[in-house]
Amino acid sequence: MNSFEEFDYSSEKFSFGIWKKILKLVFKRKKYLFAMFLFVTGLAVLDTLYPLMNSYAIKTFFSENPDFSKTTFFILGYVGISLGYLITVWGFIRMAGYLEIEVGFDIRNEAFRKLQILPFSYYDRTPAGWIMARLTSDSRRLAEIISWGLVDMVWGCFTMLGILIVMYIVNWRLALIITALLPVLIAASIFFRKKILNAYRKVRKINSKITASFNEGIQGIKTTKTLVIEEDKNEDFNKLTTDMKKNAIRAVIFSSLFFPTILVLSFIGIAFVLRIGGGFIVNARFGFTVATLYLFVSYTMQFFDPVMQVAQILAELQQAQASAERILSLIETEPDIKDTPEVEEKYGTLLEPKKENWEPLEGDIEFRNVTFKYQTGETVLENFNLKVKKGTSVALVGETGSGKTTIVNLICRFYEPVSGEILIDGRDYRERSIGWLHSNLGYVLQTPHLFNGSILENIRYGRLDASDEEVIAAAKAVGVDDFVKDLPEGYDTVVGEGGAKISVGQRQLISFARALLANPRILILDEATSSIDTKTEKLVQEVMLQLMEGRTTFIVAHRLSTIIDADQILVIKDGKIIEQGNHKELLEKKGEYYNLYKNQFINEGIEKSIS
Amino acid sequence: MKKKGLRNLFKWAKPHLPELIAILFFSVLNPLLYSFVPQFIKYIVDVIFEGNLTEGRINLPSFLLSFYENFENKLTAVAVVGASLVLYQAFRGIFMFLNGYIRGKFAEGIAYDMRNSMFRHIQNLSFTYHNNADTGDLIQRCTSDNDTVKSFLSGQLPQLLYIIGSFTFGAVQMALINRTIMLVTMAVVPISVTSSIIYFHFIRKKFELVEELEAQMTTVIQENVNGVRVVKAFANEAHEIAKFRKESRKFADENRFLTKYMALYWGLSDFVTFLQYTLTMSVSIFLVRDGLLSAGDIIACLMYIGMLVWPIRGLGRIIGDFGKAVVASNRIDEVLSVPDEFVEDGTETPEVTGAIEFRNVSFRFPDSEVNLLEDVSFTINPGETVAIIGKTGSGKSTIASLLVRLLEYQSGNILIDGVELKKISKRWIRSKIGVILQDPFLYATTVFENIKIGYRKIEPERVYQVAKTASIHNDIMGFEKGYDTLVGEKGVTLSGGQKQRIAIARMLLMDKPVVLFDDSLSAVDTTTDLAIRNALKENNKKLTSIIITHRITTAKEADKIIVLENGRVSAIGRHEELSRLEGLYKNLWDIQGALESEFVKLVEGGEKNE
């Protein structure tokens, strides 16, 4: 899993391919994009116009022979420009904000949609944290840099352009000086921005290490105390914070050098403007006046802001490329388990199923010479054969990590056999759609996963179109109703994140009700190892048996009673099926099952008497 | 409370006082120095080109002005003034750099202090505190609250001075040019300040709402990713997409609402600010009619207006941030003011051989009225293997916590080699009595590092040795990277049994005279359990081991068995004695035997029935 560490992909080179794809996403929101473009251009025009206006005012009112007849005109002009700022600033913030929000919305939706289509195996090899980061911080960052970056970019370029154009029109000789200054400014800006961003990248990395250390320090406190390694841990932590301090100050040095450097550079430009422009005034050439000089001085001062902005955006884009790359890698992941076009044609896709073409599922299951290995090459099943008649049950027995879950995953088509086939009702299950299979499947987890919502919603998750009555009927059937009655808010009680607000036993019962409501033909029971109180356990047992009635059931079993009652028992060790048969047959063998059963029998007996 | 909040906030700046003073000084110096920049331009325009003003109206040091006067030629004078302006800016640049650098040092110094003292303190907080603490909240106090305090002290606080400085010096320089212009330019101030305070107050609340909605959306993603089996098994993918879309939309819509207000505020704010320029310009046009202003004056004034009208818009934000910083520093202080567990500590460091005596020990949690242990007495001799057996909740694990002073007993005595435990240093006793927990914590590093933890340097051979004794060596060699395998989120996930065995290995390496297994072989099968304990005894004949267990087969082998029932010792003895004595142990033993024979009967009966 190390490959999922937060490494910054390639990212040294600017990749047009990536940004082209991202821009495609942005172009879905053309309306905002163009409106924003318009407002920002307006802003750039105003920023160019304003010094010009002042310059004319100086020329008209503050020269040797002032002309006061234009006073009203100028005041109105100023009011007009103020209004212009009101509109453009309001407009571009609004449009860029909307663009950011909608692009973020689109990216998240697209990624989430993809996540739903991706098969279970994807989740098996991708840490949840990685997925979460793509849908939260990465998409947020990308949307932000795209919209506000575009604003800065457009504004920066147009302001620079506007200023240059006006300067060239007014006096191209003096404009040349500023043009000469431009590459120096740009080079310096890019140099510093890169240095600063790299330094901060390092700082961020150390920062996340510090957070992890805090987490570890708190979570592992008892162990740390009993090992008496507090001093070592403090020392390690001090090393981190010292490193942080060193690097953060380094980053600060670069950023505090940046602004003064640009400032001095631009004032060198201003000094030249003053001297050469001054020459024009003294020699009365090119109609140069004090007002023109003001214009050039103020343009030069104004000039470095857009340069700095553009440099920053270029550097940030470089950084955001890593985010873009990671999101695209998620969106573009090809599911390795999917239906063939022919199957999709007939049965529909996962999101647009053609339920009218779905045959009923009976529940006969057969593994025919099934071999399965994980991508790592580890073979889990080899030439495995198993026949399960509809309505019967199979218990999978073995230690944790022995491979019980693999068989379950194969039945659910979370994974597919590498060779051989799995037949449902006599036909290879790949001939029908994943949606078809899953709609006929019920899954009850060891640690039931509930969603943060009401009890009613959680049960209805089994079949979304079920009426309230049907939900409550299912709840009654499995004993959920008994404890819901005592809750002040009844079925509307919110269970909290992960179901934290209700007990484990209650969570299990709800997950049974959910499965019952789904009325599946194939039932997967991943039995709980965690002990719940005896009363609830008995209830859970009864409900399980009731649930299994008439359904083809696979149980990842831990409790004796469930194992004994199963029609078939598979004993699995190190990914191999070592014994297979029913309870009696297996006991007679006096092999692995015998020992397992004996230990289990005694442990359960003692546990019952001791708790 | 507010007063204390202020003290909590500023105490972090105290150790870095010289730096803080320097930053505050620079924050005022910067606008002061800047306020002279327009004077250079004004000098060039008025004195050199227009030549119509007296020098008294140029606010530059007289030595500079008389220096400029040396240059008869106008253009040479312009070049000299221009060059001196560049030098002046470079001079300012040096201060700006110093300001930035010292500010960074100050900020990082504060963050460093806060992080280290939080970490150290949290490590030293009592076990009871940690038992009741909310990890997420605690981490937030260590990270984001820390950031808030740091950036207020190093950022917003000097910024406040900068705003005041910029405003004051801008106003003074303008007044020197023309008092009326200065007063007119103040018109916008009350509007800007009040609207900025109102806006930032309002927007903060909106931001919180948006963040909350984002968190709700994140929860949906999280539940979807974690519950992928359920989603897929019920074929509810389309439903999930719709659900996510709804939450995502809610977040986006609230965000749009926020954006609307932001756009309106900044648009209006810019409008008002530019109206101020308009007003100032209009008034100056009337003033110039009366010959009260020159071209140089208006050019300088245009620059000074900026010093007055732009920075004050940030006041509202700083006021809001101040409140946030006080809250954050209070939250940090709340943790730091909890006394650590070493406030009450012993000083003695006796030799520990394993002679342990409990004499009428009782214990209850401070917030509880029920005694978890009641009048518990027993002795353990050096080199003995002692099992403590009892039902869940009988107080077994409490004994372990008491023995290493994670918890403190209220009455009775615990004697370690004859010394009262309360007089013994906590760290000393923990370094002598090794406790292996049922659910041990592995640190996010390699397996090797996890075993050798507590040692800076050690022969790898010794690590392998203890791993073999703890029956984990083969498991480790089975990993792709062997001992270099990373543990935890970014590495392999170990099973409970593997974790327990690694914990045993690292305790073995520490070679303590007493080892206490707090149900720490529960996830290891019985055979391995026995093998490990035999190997332990083999390694160190003098080792005193205490085994807390609910497995009767494990207890059976001990030199002494202590039976615990409802916090009281109900029997002490060897297996041979206890299995004959009426009581819990005999019951358990009988059940074990009965179950075994029942099992045999069951199987045989089953066979006969065939």
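Residues numbered from 1 in each chain as written. Chains lettered and ligands numbered in written order. Predicted model: local features only at pLDDT ≥ 70, side-chain atom pairs only at ≥ 80, totals over all residues.

A. Examining the overall build of chain B more closely. When you go through chain B residue by residue, the secondary structure sums to 24 helices and 10 strands. Projected onto its principal axes, the C-alpha coordinates of chain B cover approximately 125 × 65 × 50 Å. For chain B, long-range pairs separated by at least 24 residues make up 78% of all intrachain contacts whose partners lie at least 6 apart in sequence. (Helix = DSSP H or I, 4+ residues; strand = E, 2+ residues; numbered from the N terminus. Contact = placed C-beta atoms within 7 Å.)

B. Spatial organisation of the overall build of chain A. Counting its regular elements, chain A contains 20 helices and 10 strands. Each principal axis of the C-alpha atoms in chain A carries an extent, and together these give about 115 × 65 × 55 Å. Looking at chain A as a whole, 44% of its 611 residues qualify as buried. Long-range contacts, defined as pairs at least 24 residues apart, comprise 80% of the intrachain contacts of chain A with a sequence gap of at least 6. (Buried ≥ 20, exposed ≤ 12 C-beta atoms within 10 Å, placed from the backbone.)

C. Region of the structure containing the sheet that holds strand S5 (residues 419-420) of chain B. Residue and element names in this part refer to chain B. The antiparallel open sheet is built from 4 strands, whose spatial order is S2-S1-S4-S5. A single partner strand is all that each edge strand has here, and the edge strands are strand S2 (373-380) and S5. As judged from the 2 bridges shared by strand S4 (residues 411-416) and S5, these two strands associate in the antiparallel manner. Residue Ile416 lies in a different strand from S5, and its bridge partner there is Val419. (Pairing = 2+ DSSP bridges.)

D. Geometry of the sheet that holds strand S6 (residues 441-444) of chain A. Residues and elements named next belong to chain A. Spatially, 6 strands are ordered S6-S7-S8-S3-S9-S10 in an open sheet, and the strand pairing comes out mixed. Of all strands in the sheet, those bounded by a partner on one side alone are S6 and strand S10 (576-581). Direction aside, neighbouring strands of the sheet carry axes that sit 15 degrees apart on average. Relative to strand S8 (residues 552-556), strand S3 (residues 393-397) runs parallel, the two sharing 4 bridges. When the sheet's bridge partners are listed, Ala395 is paired in S8 with Ile555. Strands in contact with helix H11 (residues 404-411) are S3, strand S7 (522-526), S8 and strand S9 (568-573); relative to S8, the strand with the most contacts, it is inclined by about 150 degrees. In the packing of helix H16 (residues 504-518) onto the sheet, the strands contacted are S6 and S7, and the crossing angle to S6 comes to about 175 degrees. (Axes fitted to C-alpha atoms, helices over the stretch in contact; angles between N-to-C directions.)

E. The arrangement of the interface of chain A and chain B in detail. Taken together, the 124 residues of chain A in the interface contact 117 residues of chain B. Element by element, the count of residues in the side of chain A that touches chain B is highest for helix H8 (residues 230-282) of chain A, at 28 residues. Across the side of chain A that touches chain B, the residue classes tally to 71 nonpolar, 36 polar and 17 charged. (Nonpolar A, V, L, I, M, F, W, Y, C, P; charged D, E, K, R; others polar.)

F. Up close: unusual backbone geometry. With a phi angle near 50 degrees, Asp425(A) is a residue other than glycine that sits in the positive phi range. Within the secondary structure, Asp425(A) is located in the loop between strand S4 (419-424) and strand S5 (427-428). Positioned with a positive phi, Asp375(B) is a non-glycine residue whose angle comes to about 55 degrees. Inspection of the secondary structure assignment puts Asp375(B) in strand S2.

G. Seen up close, the nonpolar core. All names here are of chain A. Counting 259 residues, the largest nonpolar core has Met36, Phe92, Leu396, Val397, Ala513 and Ile524 as the members making the most contacts within it. With 20 residues, the top contributor of residues to this core is helix H9 (residues 290-331). With near-sequence residues (within four places) excluded, Val397 lies in contact with Ala557, Ile563, Ile569, Leu570, Val571, Ile572, Tyr593 and Leu596. (Core = buried A, V, L, I, M, F, W, Y, C linked by C-beta atoms within 7 Å.)

H. Fine view of the packing of H8(A) against H9(A). All names here are of chain A. The N-to-C vectors of H8 and H9 enclose an angle of 160 degrees; their axes lie 10 Å apart at closest approach. Classified by the interaxial angle, the pair formed by H8 and H9 is roughly antiparallel. Crossing of H8 over H9 shows right-handed handedness. The residues of H9 that touch H8, namely those facing Ile262, Ser266, Gly269, Ile270, Val273, Leu274, Gly277 and Ile281, are Val290, Thr292, Leu293, Phe296, Val297, Thr300, Met301, Phe303, Phe304 and Met308. In the contact of H8 with H9, the residues fall into 13 nonpolar, 5 polar and no charged. (Parallel < 35°, antiparallel > 145°, perpendicular 65-115°, else oblique. Left-handed = near helix turned anticlockwise from the far one by under 90°.)

I. Spotlight on the domain arrangement of chain B. Per the domain assignment, the segments of chain B are domain 1 (1-176 + 317-338), domain 2 (356-578) and domain 3 (585-610). Between domain 1 of chain B and domain 3 of chain B, the C-alpha centre-to-centre distance is 82 Å. (Domains from an automatic or database assignment.)

J. Seen up close, the environment of Val471(A). Residue and element names in this part refer to chain A. Tracing the backbone through its elements, the reader meets Val471 in helix H14 (residues 468-477). For the pair Val471 and Phe259, spaced 212 residues apart in sequence, the C-alpha separation works out to 66 Å. If sequence neighbours within four positions are ignored, Val471 has contacts with Leu456, Ile459, Arg460, Ala466 and Leu517.

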